[in-house]
Amino acid sequence: MNATEVLCQSSDCSNGHPPSRLECPTCHKLGIKGSFFCGQECFKAGCESKTHKVIHEIAKPRDDASLNANGTFNPFPNFGFSGPLRPSYPLSPKRVLPDHIPRPDYAEDGIPTSEIRRAGQPPRILSTEEQEKMRTVCKLAREVLDIAASHIRPGITTDEIDAVVHQACIERNAYPSPLGYRRFPKSVCTSINEVICHGIPDRRILEEGDIINIDVTLYYEGFHGDLNETYPVGKIDEESARLIRTARKCLDESIKICKPGTLIRDVGKVIEPIARANGCSSVRTYTGHGINNLFHCSAPNVPHYSKNKATGTMKPGMCFTIEPMINLGGSWDAVHWPDNWTATTVDGKRSAQFEETLLITETGVEVLTAGKPRDL
């Protein structure tokens, strides 16, 4: 392929994403490079999709009146946000990695082909060698999360935290798994206050009293390791501290039941009563997931609420995450920003989350991403 050729950008291209020359005219006008499609069918599916039009909206030139004094702006001024948090654009350019670092299959086009092909298959049971690789990548992921957390302070931007994570991955010859995954633009997810998950790092400055979740995943030697934690920014109010403690307890108590033979659906039976007893709710929109050489496996699917219909039992050699997202108050539902990633509470109340990658052993469970206990 010539250096000037670009593969078809439609995620549903039926022609195998060949080199393409049909360019989105709006992108061309706005100076957005790389929006090429192989034919009219892919053009209509891609360039005219809601996701692609969001890119147009973000890239539109802004009148001076819409800019903040520091040059930042809210790209979705007409959106009905549920809480006070706003995105702070423009985003920084996509961060690059040295050529020698191996990439997952979605790194260039955003399409996790291997995940799609394995969808609907039963959970993988990892060999002894594969389990060792999971231990290694999870240890590295824990190191990166702890480094990122050490930079949390009032005055730092989430984009600066993203830069820290990105560099820490490079130093470990690892790829930051979120980067490019289904076209996520950054190397880490940073979710502030009412954001439940999948917050995009931007130019928003952390403020005293915020809470922030940092979700790190690394890809190393063919395997992914995934974890996250929620942290206070300076001094926080007691309600936020209680939320963080509750989210941590929900995860810790659910891990205690993990062993061969435990029903996957029983994880949620542990989590939701703890959340409710503390005046909180457990998000149902997102679940824990299988993880190994794939970032997200469809099995096992691990809901975090009672009376779920998850199937299957835990077996030795199975790797998955538990990652309860806990909201203040009784509403577990989520609303999504027009960036198609950021999920927030519907009432603007705060949300906290903790996540670990687990390996089921012959006698119980091993927390592969375990870190030092925090005083919450």
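Residues numbered from 1 in each chain as written. Predicted model: local features only at pLDDT ≥ 70, side-chain atom pairs only at ≥ 80, totals over all residues. Heavy atoms only, no water.

(A) Region of interest: the pattern of salt bridges. According to the stated counting rule, one finds 22 salt bridges in the structure shown. Where R248 meets D252, a salt bridge forms, and the shortest distance between an N and an O atom there is 2.8 Å. In this pair, R248 and D252 are both assigned in helix α7 (residues 238–256), four residues apart and thus about one turn of the helix distant. With its nearest N and O atoms 3.2 Å apart, the salt bridge here joins R284 to E272. Separated by twelve residues along the polypeptide, R284 in the loop between β10 (280–282) and β11 (288–290) and E272 in helix α8 (residues 266–277) bring together distant segments of the chain. You can call E272 buried: its relative accessible area is 6%. (Salt bridge = Lys/Arg side-chain N within 4 Å of Asp/Glu carboxyl O. Helix = DSSP H or I, 4+ residues; strand = E, 2+ residues; numbered from the N terminus. Buried < 20%, exposed > 50% of the residue type's maximum accessible area, 1.4 Å probe, protein only.)

(B) Quick look at the nonpolar core. Core analysis: the largest hydrophobic core is formed by 47 residues, its most contacted members being M134, I152, L206, I212, I214, V216 and L218. Excluding residues that lie within four positions of it along the chain, I152 makes contacts with L206, I212, I214, Y231, P232 and V233. Core analysis: the second largest hydrophobic core is formed by 28 residues, A241, L251, A310 and F354 among them. (Core = buried A, V, L, I, M, F, W, Y, C linked by side-chain atoms within 4.5 Å. Contact = heavy atoms within 4.5 Å.)

(C) Focus on the sheet that holds strand β15 (residues 334–336). Spatially, three strands are ordered β7-β16-β15 in an open sheet, and the strand pairing comes out antiparallel. Edge positions in the sheet fall to β7 (195–197) and β15, since each has one partner strand and no second. The mean angle between the axes of side-by-side strands here comes to 45°, regardless of whether they run parallel or antiparallel. Pairing of β15 with strand β16 (residues 343–345) involves three bridges; the strand directions are antiparallel. Paired with V335 across the two strands is T344, which belongs to β16. (Pairing = 2+ DSSP bridges. Axes fitted to C-alpha atoms, helices over the stretch in contact; angles between N-to-C directions.)

(D) Focus on the layout of surface pockets. Estimated volume of the second largest pocket: approximately 700 Å³. At the level of secondary structure, the elements contributing two or more residues to the lining of the second largest pocket comprise α4 (113–118), β8 (211–220), β11 and β12 (297–302). Residue contributions to the lining of the second largest pocket peak at five residues, all from β12. A per-class count over the lining of the second largest pocket returns 17 nonpolar, 14 polar and seven charged. (1 Å grid on protein atoms, 1.4 Å probe; cavity = no way out; pocket = protein on both sides within 12 Å on 5 of 7 lines; lining within 4 Å. Points joined across faces, edges and corners; volume = space filled by probe spheres on them. Nonpolar A, V, L, I, M, F, W, Y, C, P; charged D, E, K, R; others polar.)

(E) Structural view of the packing of α7 against α8. Axis separation between α7 and α8 bottoms out at 9 Å; the angle between their running directions is 155°. As judged from the angle between their axes, α7 and α8 are roughly antiparallel. Seen along the crossing, α7 lies across α8 with a hand that is right-handed. Contact with α7, carried on its side by T246, K249, C250, E253 and S254, involves V267, V270, I271, I274 and A275 of α8 and no other residues of that element. Residues of the contact of α7 with α8, tallied by class, amount to six nonpolar, two polar and two charged. (Parallel < 35°, antiparallel > 145°, perpendicular 65-115°, else oblique. Left-handed = near helix turned anticlockwise from the far one by under 90°.)

(F) Up close: the side chain of T230. Take T230: it is sitting in strand β9 (residues 223–232). The class of T230 is buried, set by a relative accessible area of 1%. A polar side-chain atom of T230 sits 3.1 Å from a polar atom in the side chain of N213. Side-chain polar atoms of T230 contact the backbone oxygen of Q353, separated by 2.7 Å. Setting aside residues no more than four positions away along its own chain, T230 makes contact with I211, I212, N213, I244, A352, Q353, F354 and R374. (Polar contact = N/O pair within 3.5 Å; in protein donor to acceptor, adjacent residues only side chain to side chain.)

(G) Representation of α8 within the structure. Between the first and last C-alpha of α8 there are 18 Å, a value that for twelve residues agrees with the 16 Å anticipated at 1.5 Å per step. What α8 keeps buried is the set V267, G268, I271, E272, I274 and A275. Viewed along the axis of α8, the buried residues span an arc of 165°, placing them on a single side of the element. Exposed positions of α8 whose direction lies more than 90 degrees from the buried face are R276 and A277. Contacts made by the buried residues of α8 are with α7, β10, β12, β13 (319–322) and β14 (325–328). (Expected span 1.5 Å × (residues − 1). Arc of directions from axis to C-beta.)

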